[in-house]
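Chain residues, written in single-letter form:
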Amino acid sequence: MAKYIFITGGVVSSLGKGISGASIGKLLQLHGFKVNMIKFDPYINVDPGTMNPYQHGEVFVTSDGAESDLDLGTYERFLDLYTSKSNTNTAGDIYKTVITKERKGDYDGDTVQVIPHITDEIKRRFSALKDECEISIIEIGGTVGDIEGLPFMEAARQFKLENNPEDVLSIHVTLVPYIAGAHELKTKPTQHSVNKLREIGISPDMIICRTEQPLDDSLKRKISLFCNVKQECVIEALDVPSIYYIPEALYKQKVDVLVIEKLNIKPKAKFDKTWFTKIESLSEHHKIVKIAVVGKYSDLKDAYKSIDESLNIASAELKAKAEIHYLGVEDKNLINKLKWYNGILVPGGFGNRGIEGKIKAINFARENKIPFFGICLGMQCSVIEAARNLAKLKNANSTEFDETTKYPVIKILDEQKDVKYRGGTMRLGNYKSEIKKNTLAHSLYKSNEIEERHRHRYEMNPEFIELLEKAGMIVSAYHKKVLPEIVEIKSHPFFIGVQFHPEFASRPMKAHPIFKGFINAALKNKN
Ligand code: GLN
């Protein structure tokens, strides 16, 4: 059985197509189906690895090392699955494949065109996971009407034509804005957006309407008539306090039943409602924990999406609510502000902007015994801080920020020096490491071996380990016995730095052990 659900978006961007698709996927999963999701992004970048998180949000890394859109994180967290390179596609990557084939002469003298060559490649990728799952949910990024999205819409139209119509479902997510002055919800943008979609040849089977106010029956009827969908297929998607409540909101409107009917399939298991109650219980909290995330991007939460989710998930499991504040490293008042928090996290990043601010924040956390968690660049900065202030290596640094430093405690490995291009040249994806016994890391993971996702070029320089260990910072995990993966400070209540990205591995009800340990320590640090 190979069934496909296409998710498109209209009116404005950021409507949460990924979340809507993942919520439908969750419902189908609770009916016993094997579900997976694929993202198609219409931009020309081959992958988002080189894109500024300010513009595009966090770069999510899959276990097999693809640098991808943050929606893949949503898919993983909702569906508790592991995505891979096949789950992420961009126009750039699709064109690259077609152009490479053309250069190799694979098209036999044909004129290579958007239709059929690009659309054929897109269609091939639509069914990339058909052998691994029963239902593929395909999210097409961007908004209907965008020039660059056209080949994807065209490919989706052809795909339905070439497949059994009951194997392919089209869901359109739109906005029904509320005009405060008129006290009215407006359906016109939705009508226009669906018209645009129908011009391309796609008739949606269901419309999910993002709205601030409930849609009454007359509005649903209007949308139904103008957009040519059954009234019960006009779905209201009201704002909810947590995105994990959306599957239940859709379930109450029978979205799962409608999808199952339209795809002509039979539920494979008795619907498991306990997921809803477990999610609800996560919102009961008795305490607040205040966490400062000290990074480069202080105003865009999406730049640290998985960290935000991981902190919330871990706090919820400990019956606490995380109050997470993103503090800019360049804030002159940073150290004063930090006094207010129960725990300090320094996330990953690239480039030397704000490095000294991060090091100061880490110094403050270390000296004042505030729970500290450093991720990737955050870990590297904690090594620099320990080298300078514990081991007294004056001006110790990473060669990323000071190529001529006398004490390169973080450096690029010799085999990586030839790297000329950005993107695709880092230690990317899953790597195993061994954890030493009697360490904080061991007490958190309760395991001797772990596997975590990486995305970095620089490493802790093994030449300085002995010196640092004598000064108080130990290495508690290594990859293949040589590459330091976790550092900690024994005399501190909770100080840990990890070279990898544990934030990609959290799921609701399955908090990551380091995040959980960090929040637990922060809760103990409440004054
Ligand atoms: N810039 C650092 C490196 O390349 C850290 C990267 C990161 O934090 N993801 O090693």
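Structure: above.
The present account deals with the structure reproduced in this document. Residue indices begin from 1 for each chain and proceed along its sequence in written order. Residues qualify for local features only when their pLDDT is at least 70, as the model is predicted, and side-chain atom pairs are given and counted only at 80 or more; totals for whole chains, interfaces and linings, by contrast, use all residues. Hydrogens are left out, water is left out, and the side-chain values use all remaining heavy atoms of the structure.

Some remarks on the site of the ligand
Quick note on the threshold: To be near a molecule or strand, a residue needs just one of its heavy atoms within 4 Å of it. In protein, a polar contact means a hydrogen-donor-capable atom and an acceptor-capable atom, both N or O and within 3.5 Å, with residues adjacent in sequence counting only if both atoms are side-chain atoms; elsewhere, any N or O pair within 3.5 Å suffices. Note on areas: Shrake-Rupley, 1.4 Å probe, and residue coverage restricted to the protein chains presented here. In this text, helices come from DSSP runs of H or I with a minimum length of four residues, and strands from runs of E with a minimum of two, each type numbered from the N-terminal end. Ten residues, namely Ala, Val, Leu, Ile, Met, Phe, Trp, Tyr, Cys and Pro, are considered nonpolar, four, namely Asp, Glu, Lys and Arg, are considered charged, and the remaining ones, Gly among them, are considered polar.
Near the ligand the following residues occur: Gly348, Gly349, Phe350, Cys376, Leu377, Gln380, Glu400, Arg455, His456, Arg457, Tyr458 and His501. Take Tyr458: an N or O atom from its main chain is 2.8 Å from an oxygen atom of the ligand. Its free accessible area being 300 Å², the ligand has 99% of it covered by the protein chains. At the level of elements, α15 (377-389) and β19 (449-456) are the ones that each hand at least two residues to the shell around the ligand. Tallied by class, the residues present in the shell around the ligand amount to 4 nonpolar, 5 polar and 3 charged.

A look at the packing of helix α1 (residues 17-30) against helix α10 (residues 255-262)
We count it as follows: Each axis is a line fitted through C-alpha atoms, taken for helices only over the stretch in contact, and angles between the N-to-C directions span 0 to 180 degrees. Any angle that falls under 35 degrees is termed roughly parallel, while one over 145 is termed roughly antiparallel, one within 65 to 115 roughly perpendicular, and all others oblique. Residues count as neighbours in contact if any of their non-hydrogen atoms are within 4.5 Å of one another.
In contact at an axis separation of 10 Å, α1 and α10 are set at 75° when each is read in the N-to-C sense. Here α10 runs roughly perpendicular to α1, going by the angle between their axes. Side by side, α1 and α10 meet where Ile24, Leu27 and Leu28 of the first sit next to Val255, Asp256, Val259 and Ile260 of the second. Grouping the amino acids of the contact of α1 with α10 by side-chain chemistry returns 6 nonpolar, no polar and 1 charged.

Considering the sheet that holds strand β5 (residues 88-90)
Definition in use: Pairing between strands is defined by DSSP: at least two bridges between the two strands are required.
Strand order in this open sheet of 7 strands is β5-β2-β6-β1-β7-β10-β11, and the pairing throughout is parallel. The open sheet has two free edges, formed respectively by β5 and β11 (234-238), since each of these has just one partner strand. Along the sheet, successive strands turn relative to each other by an average axial angle of 20°, direction set aside. For strand β1 (residues 3-9) and strand β7 (residues 168-175), the ladder comprises 6 bridges, and the chain directions are parallel. Considered in β7, the bridge of Phe6 is made with Ser170.

Regarding the pattern of salt bridges
Close approach of charged atoms allows side chains of opposite charge to pair. So the rule is basically this: A pair is scored as a salt bridge if a Lys or Arg side-chain nitrogen falls within 4 Å of a carboxyl oxygen belonging to Asp or Glu. The buried label goes to any residue with under 20% of its type's maximum accessible area, the exposed label to any with over 50%, and the partly exposed label to all in between, with areas taken from a 1.4 Å probe on protein chains only.
Taken as a whole and assessed by the stated rule, the structure comprises 36 salt bridges. Glu139 is the partner of Lys39 in a salt bridge, and the nearest nitrogen-oxygen pair spans 3.9 Å. Of this pair, Lys39 sits in strand β2 (residues 35-41) while Glu139 is found in strand β6 (residues 135-140), placing the two residues 100 residues apart along the sequence. The same class applies to Lys39 as to Glu139, namely buried. The residue Glu309 makes a salt bridge to Arg77 at a minimum N-O spacing of 3.6 Å.

Looking at the environment of Val294
With respect to the helices, strands and loops of the structure, Val294 is situated in strand β12 (residues 287-295). C-alpha of Val294 to C-alpha of Lys358: the two residues are 64 residues apart in sequence and 6.8 Å apart in space. Those residues within four positions of Val294 in sequence are excluded, and the remaining contacts are Leu327, Val329, Leu334, Leu338, Ile344, Leu345, Val346, Pro347, Lys358 and Ala361.

Considering a nonpolar patch on the surface
Inclusion rule: Each patch is built from residues lacking any salt bridge and having more than 30% relative accessible area; the joining distance is 9 Å for like charges and 5 Å for nonpolar side chains (Val, Leu, Ile, Met, Phe, Trp, Tyr).
A cluster of nonpolar side chains, Tyr95, Ile99, Val114 and Ile115, forms an exposed patch at the surface whose accessible area comes to about 330 Å². Broken down by secondary-structure element, the contributors of at least two residues to the nonpolar patch are α4 (91-103) and α5 (114-126).

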